[in-house]
Amino acid sequence: MEKISYLKIMKACIISHFGYPLYNEDSSSQFGGGSEVQLYLLSKEFSKNVNVEVNVITGGYGGNNDQIEVLDKIKLYKILPLKRNFLNYFKFLFKFFFYLIKINPDIIIQRAISVTTGLTAAYCMIFRKKFIYSIANKPDVDSSKNGLIYKIFRFGLKHADYVIAQNQEQMDLLKKLKIKNPAHVLVLKSGHPLRKSGIDISSKSDILWVGRAVNWKRPELFIKLALIFKNHNFKMI
């Protein structure tokens, strides 16, 4: 009789505190930013694999009603406090660890500077799970940054099983930080699903810049370009 082999279902958990609106088109709330978009795209790709169970821990959108929601094969745990205050810090700690223990994932993925990075690493160390941290931007690997949040964050970064960098510059900056597995650092550029058909650019006339107006994104360079190429239409969102 031919033997039938069964593949173990891998349970993945993605931490995306402000990413819920991306999963629900009917949500009128604002999502966090680029980090949430990348985690959303990753979770959607994972959900296409029948051998991967995708869980997302996110903010408490919608209050205390329907804290667990399933959308497109992805189970969303809407449990993290959205507002920052003294009481919510304790709620965050309790709910974060309670639901991670409940989900019991094989692997956890988190992105961007946060105390969540350190808490995730601590959980994975205690319960022997795998932790992947994905660098969101250059400040993530800036060794000159100080403060309690950065100390907790760097604990998580240094104890991650794998670290994903966006480019070689981030890889070089990581060398200044003593991480758990230097060999488990790799470059994986941010991506976006390709269109099935080509894009007609013949009628396009605007040059667009989309992003937060923060120093490290250097929006002033876009303004300088607009001053140089005065015959083109430049727009900033």
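**Regarding the packing of helix α3 (residues 86–103) against helix α4 (residues 115–127)**
Each pair of packed helices can be described by the angle between their axes along with the distance between the axes.
Then, number 1: Between α3 and α4, the shortest axis-to-axis distance is 11 Å and the interhelical angle comes to 40 degrees. For the element pair α3 / α4, the angle class is oblique. Viewed along their axes, α3 and α4 form a crossing whose handedness is right-handed. In this structure, α3 contributes F92, L93, F96, F97, L100 and I101 to the contact, and α4 contributes T116, L119, T120, Y123 and F127.
Then, number 2: For the contact of α3 with α4, a count of residues per class yields nine nonpolar, two polar and no charged.

**A few points about the sheet that holds strand β3 (residues 68–71)**
Then, number 1: Reading across the sheet, the eight strands line up as β3-β4-β2-β1-β5-β6-β7-β8 and stay open at both edges, with mixed pairing between neighbours. Edge strands, defined here as strands with exactly one partner in the open sheet, are β3 and β8 (185–187). With strand direction ignored, the average angle separating the axes of adjacent strands in the sheet is 25 degrees.
Then, number 2: Two elements, strand β7 (residues 162–165) and β8, share three bridges in a ladder whose sense is parallel. Bridge pairing in β8 links A165 to V187.
Then, number 3: The sheet contacts of helix α2 (residues 34–46) involve β1 (10–15), β2 (52–59), β4 (74–80) and β5 (107–111), and relative to β5 the element is tilted by about 150 degrees.
Then, number 4: Docked against the sheet, α4 engages β1, β5 and β6 (130–134), running at close to 160 degrees with respect to β6.

**Regarding α2**
Each full turn of the α-helix corresponds to 3.6 residues, which orients residues three or four apart in the same direction.
Then, number 1: An ideal rise of 1.5 Å per residue puts 18 Å on 13 residues; α2 measures up with 18 Å between its terminal C-alpha atoms.
Then, number 2: Along α2, the residues classified as buried are S35, E36, Q38, L39, Y40, L41 and S43.
Then, number 3: Each element contacted by the buried residues of α2 is listed here: β1, α1 (20–23), β2, β4 and β5.

**A word on the environment of M171**
Then, number 1: Mapped onto the elements of the fold, M171 is located in helix α6 (residues 168–174).
Then, number 2: Between the C-alpha atom of M171 and that of D161, which follows or precedes it by 10 residues, the distance is 15 Å.
Then, number 3: Ignoring anything within four residues of it in the chain, the contact list for M171 reads A165, V185, L186 and V187.

**A closer look at the nonpolar core**
Then, number 1: Core analysis: the biggest nonpolar cluster contains 31 residues, and I57, L157, V163 and L174 have the highest contact counts within it.
Then, number 2: Among the secondary structure elements, those contributing two or more residues to this core are β1, β4, α3, α4, β6, α5 (148–158), β7 and α6.
Then, number 3: Counting residues per element, this core draws most heavily on α3, at five residues.
Then, number 4: Setting aside residues up to four positions removed in sequence, V163 forms contacts with Y133, I135, L157, L174, I179, H184, V185 and L186.
Then, number 5: Grouped together as the second largest cluster of nonpolar side chains are 18 residues, A12, L22, Y40 and I74 included.

**Focus on a nonpolar patch on the surface**
Then, number 1: On the surface, F86, Y89 and F90 cluster together to form a nonpolar patch covering roughly 410 Å² of accessible area.
Then, number 2: Looking at the secondary structure, you find Y89 in helix α3.

About the thresholds
Residue positions are counted from 1 within each chain, in the order its sequence is given. For a predicted model such as this one, the threshold for reporting local features is a pLDDT of at least 70, and the threshold for listing and counting side-chain atom pairs is 80 or more; totals across whole chains, interfaces and linings nevertheless cover every residue. The basis for every side-chain value is the complete set of heavy atoms in the structure, and neither hydrogens nor water enter the calculation. Fitting a line to C-alpha atoms yields each axis, with helices limited to the stretch in contact; the angle taken between N-to-C directions then spans 0 to 180 degrees. Helix numbering and strand numbering both begin at the N terminus, where a helix is a DSSP run of H or I of at least 4 residues and a strand a DSSP run of E of at least 2. We call two directions roughly parallel when the angle between them is under 35 degrees, roughly antiparallel when it is over 145, roughly perpendicular when it lies between 65 and 115, and oblique otherwise. A crossing counts as left-handed when the near helix is turned anticlockwise from the far one by less than a right angle, and as right-handed when that turn is clockwise. The contact rule is simple, with two residues in contact once any of their heavy atoms fall within 4.5 Å. In this classification, the charged set is Asp, Glu, Lys and Arg, the nonpolar set is Ala, Val, Leu, Ile, Met, Phe, Trp, Tyr, Cys and Pro, and all remaining amino acids, among them Gly, are polar. A pair of strands is considered paired only if DSSP assigns at least 2 bridges between the two. Helix span, expected: 1.5 Å multiplied by one less than the number of residues in the helix. When accessible area is computed with a 1.4 Å probe and restricted to protein chains, residues below 20% of their type maximum are described as buried, those above 50% as exposed, and intermediate ones as partly exposed. Definition used in this section: a nonpolar core is a set of buried Ala, Val, Leu, Ile, Met, Phe, Trp, Tyr and Cys residues joined via side-chain atoms within 4.5 Å. Patch definition: residues above 30% relative accessible area lacking any salt bridge, with like charges linked at up to 9 Å and the nonpolar side chains Val, Leu, Ile, Met, Phe, Trp and Tyr linked at up to 5 Å. All accessible-area figures derive from a Shrake-Rupley calculation using a 1.4 Å probe, and residue coverage is judged against the displayed protein chains alone. Put simply, a salt bridge is a Lys or Arg side-chain nitrogen that is within 4 Å of an Asp or Glu carboxyl oxygen.

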